[in-house]
Amino acid sequence: MPLIGRLIIQTLMKGGVYALLASGFSLIFGMAHIINLAHTAFFMLAAYGMFYFMHDLGWGTAPSIALTLVGVTLLGVLAYRFILNRIREHIVAVLLITIALGLVIQEVMVLAFGNHYLVAPPIVAGYTKIAGVSVANQQILSLGIMAVVIVFLWLALTKTKLGVSIRATAQDAEIASLMGISVPRTLTITMGIATALAAVGGISVAPLWTIYPQMWSPLLVMVMVIVVLGGLGSIKGSFIGAFIIALVENLIIFFMPSGSYLTTVFALLFMVIVLVVRPAGLFGTIFEEEKL
Amino acid sequence: MVGLVRRLFTTFRWSVLPVPGRLIAVIFFAALFIIPLTITIPRYHLLILTFTTIFAMFAVSWDFLSGYTGQVNFGHALFFGVGAYCSALLNKYLGWQPGLTIPIGAVVAMLAGVATCFPALRLRGPYLSLLTMAFPLMLLGLVIALKDYTGGEYGIMVPHIAATGLSQYYICLIVMTVAVLIMWKLTDAGSKYVRTGLIFHAIREDEIAARASGINTIRYKLLAFTIGGLFAGIAGTLYVHVLGVAGPSTLVLTMSFQAVIWVAFGGIVSIYGPIVGVIVLYTLLHFLGVGGTTFIGRNQILIMSVVVILMLLFMPQGVAVWVRNKIERECPRCKLANGAWRKECRACGANLR
């Protein structure tokens, strides 16, 4: 029973992070057809930001979170405006420039913090017993933050005017622009939202996961697997794919601890099969008509 | 014999000397062959030069496979690593010598190219890139998981291809020169003897139109994957036998991306571009870096990434192509390359200004 409880908590935790990352990744791909390989690097940047403000500078929780969120989002928007926007027609250039961006962030982190394993101080301390499983309060808080953000994202995309314009641009940028939607502005806002989602993920796991300069690349692989499984560009697919992959990953780790190296292999094999059998994924429609 | 020399001289006088790009290429290769014989190069620098020839072959094979046909392969390290591990495993368990394991490793890498091609044929654009990116990572996971056989993160110790650094350098250089010549000839769109160059260009520009013109595009894509895999595999086997160890570094994501970065830096869809990319981003950075003792040596990845971002933004066609466009001009009438200083075409006399 405690095993199942821990499995559920771990799956929700990992699935939540994956869902935040994959939905942002998917959002920007559906909008601008940019495969942003630096996406998880922004996640890592947020985790480092939390570590820096809370551990090195000793700031309180609220200013740390606020400054990290705003800073990372701003960086994402700037990267889009001055780098990605200019070359987004060319697939190879986009892939290369985003991987280079990720490497730049990684190396700057190495310069700033060194090649060490770090853990940010927890926002809340202590443990709570839920159904016989002791769960760190920090985990509950992180889960809460992620759940709230995911619900807000869903409502924003379906109910608000901005959400409608984002979805319209994703479906057909030309028609959207004829309907009076400013496409460049919408794209910039989407990039901001996508990066902010990654930043929220980074902020919520900073006290729980070890932070190291190369943490973004294994995560990137998992996010790509999830997004392909759910269908590139489909937000719903990303959410569901995130929890499926998190569950599979945790099942492998729980029942075959020696096979933790193989999780990536299985995940990638999964991605290859999905790509070959059904390139649209679970919920995507191929290429042009990405739907929510 | 005299006839051959005379023909070579005529070719040099009339087709190489008036075109600065070709002259630079000839001088460059001549220098690669002559300088290490005449000047004693320190061991570190000679090793870097050896790796330069290997990586040049690796980068050119990516350009051949992905640049020319437009099938953007983001897992080129697969062939490199398959060749490397195949050669190392044969050496470890059967005790075969590098002279035998290198060709076998290359052939297995070629088969890996064929195997990759089948799922890859079904996909296009970013989907193809994601798919190919997955293969070396899967193999890497297996290599780490089966560490009793593959040595895990420490890799497998293998013998060197030759006793001295200089002979290693010459073996790699000769193999690289032959490989680059073959790939250059195969991709030459103006060639009278092979059609592959023209067909690769057609597939990249418009696959449906190529198919409508009666070209079996699948066969040519298969050919591109086969030959690209073969030469990348040779590069991989040579790499481990120069380094002395076959480790997981041959399969990591960085290895795949490095090939793409070198090619994009030098100039995609040009055989000389990747070589320039390797010279600048690998050799120059390592010469300046001197084994991590200087600032440049410690921050190579950072410098390389920043250079790549700036280059893609401001010089998207690649450095080598940019330079070539400055020093050469194509005749609008007969499409022959001319030095940029000429007023009229050297063959047909058309006005170039």
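Since we're looking at a predicted model, the values are computed, not measured.

### Here we look at the overall build of chain B
- Within chain B one finds 16 helices and four strands.
- Taking 353 residues into account, the globule formula puts the C-alpha radius of gyration at 20 Å, and chain B, at 21 Å, falls close to it.
- The buried share of chain B, taken over its 353 residues, is 52%.
- In chain B, once contacts between residues fewer than 6 apart in sequence are set aside, the share between residues at least 24 apart is 68%.
- Accessible surface, chain B as shown: approximately 16200 Å² in total, 69% of it carbon and sulfur.
- Placing the 26 positive and 10 negative side-chain charges of chain B at their respective mean positions leaves the two points 8 Å apart.

### Some details on the overall build of chain A
- Counting secondary structure elements, chain A contains 11 helices and two strands.
- Mapped from its N terminus to its C terminus, chain A presents α and β elements in the order α-α-α-α-β-β-α-α-α-α-α-α-α.
- The C-alpha radius of gyration computed for chain A amounts to 19 Å, which stays within 12% of the reference 19 Å derived for 292 residues, consistent with globular compactness.
- Viewed in the frame of its principal axes, chain A has a C-alpha envelope of about 55 × 45 × 35 Å.
- Relative to its 292 residues, chain A shows a buried fraction of 55%.
- Taking the contacts inside chain A whose residues are at least 6 apart along the sequence as the reference set, 76% of them involve residues at least 24 apart.
- Accessible area for chain A stands at about 12100 Å²; split by element, carbon and sulfur atoms hold 70% of it.
- Computing the positive centroid from 13 side-chain charges and the negative centroid from 9, chain A places the two 11 Å apart.

### Examining empty space enclosed by the protein
All names here are of chain B.
- Across all of its chains, the model carries one cavity of 30 Å³ or more by this definition.
- Approximately 40 Å³ is the volume attributed to the largest cavity.
- Along its surface, the largest cavity is lined by Phe28, Leu32, Leu49, Thr52, Thr53, Ala56, Met176, Ile275 and Ile279.
- The element that contributes the greatest number of residues to the lining of the largest cavity is helix H3 (residues 43-67), accounting for four residues.

### A few points about the packing of helix H12 (residues 253-266) of chain B against helix H15 (residues 300-314) of chain B
All names here are of chain B.
- It is the contact of H12 with H15, at a shortest axis distance of 10 Å, that shows an interaxial angle of 45°. Relative to H15, the element H12 is oriented oblique. The interaxial crossing formed by H12 with H15 has left-handed handedness. Note on element contacts: H15 touches H12 through Met304, Val307, Val308 and Met311, opposite Gln258, Ile261, Ala264 and Phe265.

### Quick notes on the layout of surface pockets
All names here are of chain B.
- Of the pockets and cavities examined, the largest pocket occupies roughly 2400 Å³.
- Along the walls of the largest pocket sit 50 residues, with Arg22, Ala25, Trp184, Tyr272 and Arg324 positioned nearest its centre.
- Of all the secondary-structure elements, those providing two or more residues to the lining of the largest pocket are helix H1 (2-16), helix H2 (20-38), helix H8 (165-186), helix H13 (272-289), helix H16 (319-327) and strand E3 (328-330).
- For the lining of the largest pocket, the per-class residue count stands at 29 nonpolar, 11 polar and 10 charged.

### Digging into the confidence of the model for chain A
Residue and element names in this part refer to chain A.
- A residue-level look at chain A finds 95% of positions with pLDDT of 70 or above and a mean pLDDT of 83.
- Within chain A, helix H8 (residues 183-205) carries the highest mean pLDDT (90), whereas strand E1 (residues 127-130) carries the lowest (73).
- pLDDT under 50 marks residues 287-292. Its contacts with residues more than four places away, or in other chains, come to 20 contacts.

### Section: the pattern of salt bridges
Residues and elements named next belong to chain B.
- Overall, the coordinates contain five salt bridges over all chains when judged by the stated rule.
- The partner of glutamate 207 in a salt bridge is arginine 211, with the nearest N and O atoms 3.4 Å apart. Here glutamate 207 and its partner arginine 211 are both found in helix H10 (residues 207-212), four residues apart, which amounts to about one turn of the helix.
- Residue class for glutamate 207 comes out buried when judged on its relative accessible area of 10%.
- One salt bridge in this structure joins lysine 221 and glutamate 207, with 2.9 Å as the shortest N-O distance. With a gap of 14 residues between them, lysine 221 in helix H11 (residues 217-243) and glutamate 207 in helix H10 connect regions that are remote in the sequence.
- The buried category is assigned to lysine 221, whose relative accessible area is 3%.

### Focus on the nonpolar core
- Judged by nonpolar contacts, the single largest core of 196 residues is most densely connected at Ile54(B), Phe55(B), Phe58(B) and Leu130(B).
- Sequence-distant contacts of Phe58(B), that is, excluding residues within four places in its chain, are made with His76(B), Ala77(B), Phe80(B), Ala232(B), Ala235(B), Met255(B), Ala259(B) and Trp262(B).

### With respect to the interface of chain A and chain B
- In this assembly, 38 residues from chain A lie in contact with 36 residues from chain B.
- Summed over both sides, the interface of chain A with chain B buries roughly 3500 Å², with 87% coming from carbon and sulfur.
- Connecting chain A to chain B are zero salt bridges.
- At the boundary of chain A with chain B, the tally comes to zero residue pairs in polar contact (both at pLDDT 80 or more).
- Looking at the side of chain A that touches chain B, the elements with two or more residues in it are helix H3 (61-87), helix H4 (91-113), helix H9 (216-230) and helix H11 (262-277) of chain A.
- In terms of residue count, H4(A) provides more of the side of chain A that touches chain B than any other element does, 14 residues in total.
- Looking at the side of chain A that touches chain B residue by residue, the classes come out as 36 nonpolar, no polar and two charged.

### Focus on helix H10 (residues 235-255) of chain A
Residues and elements named next belong to chain A.
- Taking 1.5 Å of rise per residue, the 21 residues of H10 would be expected to cover 30 Å, and the 30 Å separating its terminal C-alpha atoms lies within 8% of that figure.
- Taken together, the buried positions of H10 are occupied by Ile235, Gly237, Ser238, Phe239, Gly241, Ala242, Ile245, Ala246, Glu249, Asn250 and Ile252.
- Packing partners of the buried residues in H10 comprise helix H1 (2-32), helix H5 (137-159), H9 and H11.

### Topic: the packing of aromatic side chains
Residues and elements named next belong to chain B.
- As enumerated under the stated definition, the model contains 22 aromatic pairs over all chains in all.
- Ring centres of phenylalanine 33 and tyrosine 170 lie 6.5 Å apart, and the angle between their planes is 40°; on these two criteria the pair is classed as tilted. In this pair, phenylalanine 33 is assigned in helix H2 and tyrosine 170 in helix H8, connecting sequence segments 137 residues apart.
- What links up through ring pairs into an aromatic cluster is the set Phe51, Phe55, Phe58, Phe80, Tyr239, Trp262 and Tyr282.
- The lysine or arginine in question, arginine 13, covers the ring of tryptophan 14, its NZ or CZ lying 4.2 Å from the ring centre.
- Over the aromatic face of tryptophan 184 sits the side chain of lysine 185, whose NZ or CZ is 4.8 Å from the ring centroid.

Definitions and cut-offs
Residues numbered from 1 in each chain as written. Chains lettered and ligands numbered in written order. Predicted model: local features only at pLDDT ≥ 70, side-chain atom pairs only at ≥ 80, totals over all residues. Heavy atoms only, no water. Helix = DSSP H or I, 4+ residues; strand = E, 2+ residues; numbered from the N terminus. Rg over C-alpha atoms; globule rule 2.2 N^0.38 Å. Buried < 20%, exposed > 50% of the residue type's maximum accessible area, 1.4 Å probe, protein only. Contact = heavy atoms within 4.5 Å. Areas by Shrake-Rupley, 256 points an atom, 1.4 Å probe, with all protein chains shown as cover. Lys, Arg positive; Asp, Glu negative; His and termini not counted. Charge placed at Lys NZ, Arg CZ, Asp CG, Glu CD. 1 Å grid on protein atoms, 1.4 Å probe; cavity = no way out; pocket = protein on both sides within 12 Å on 5 of 7 lines; lining within 4 Å. Points joined across faces, edges and corners; volume = space filled by probe spheres on them. Axes fitted to C-alpha atoms, helices over the stretch in contact; angles between N-to-C directions. Parallel < 35°, antiparallel > 145°, perpendicular 65-115°, else oblique. Left-handed = near helix turned anticlockwise from the far one by under 90°. Nonpolar A, V, L, I, M, F, W, Y, C, P; charged D, E, K, R; others polar. pLDDT = per-residue confidence, 0-100. Salt bridge = Lys/Arg side-chain N within 4 Å of Asp/Glu carboxyl O. Core = buried A, V, L, I, M, F, W, Y, C linked by side-chain atoms within 4.5 Å. Buried area = accessible area lost by both parts, 1.4 Å probe. Polar contact = N/O pair within 3.5 Å; in protein donor to acceptor, adjacent residues only side chain to side chain. Expected span 1.5 Å × (residues − 1). Phe/Tyr/Trp six-rings, centres within 6.5 Å; stacked < 30°, edge-to-face > 60°. Lys NZ or Arg CZ within 6 Å of the ring centre and 35° of its normal.

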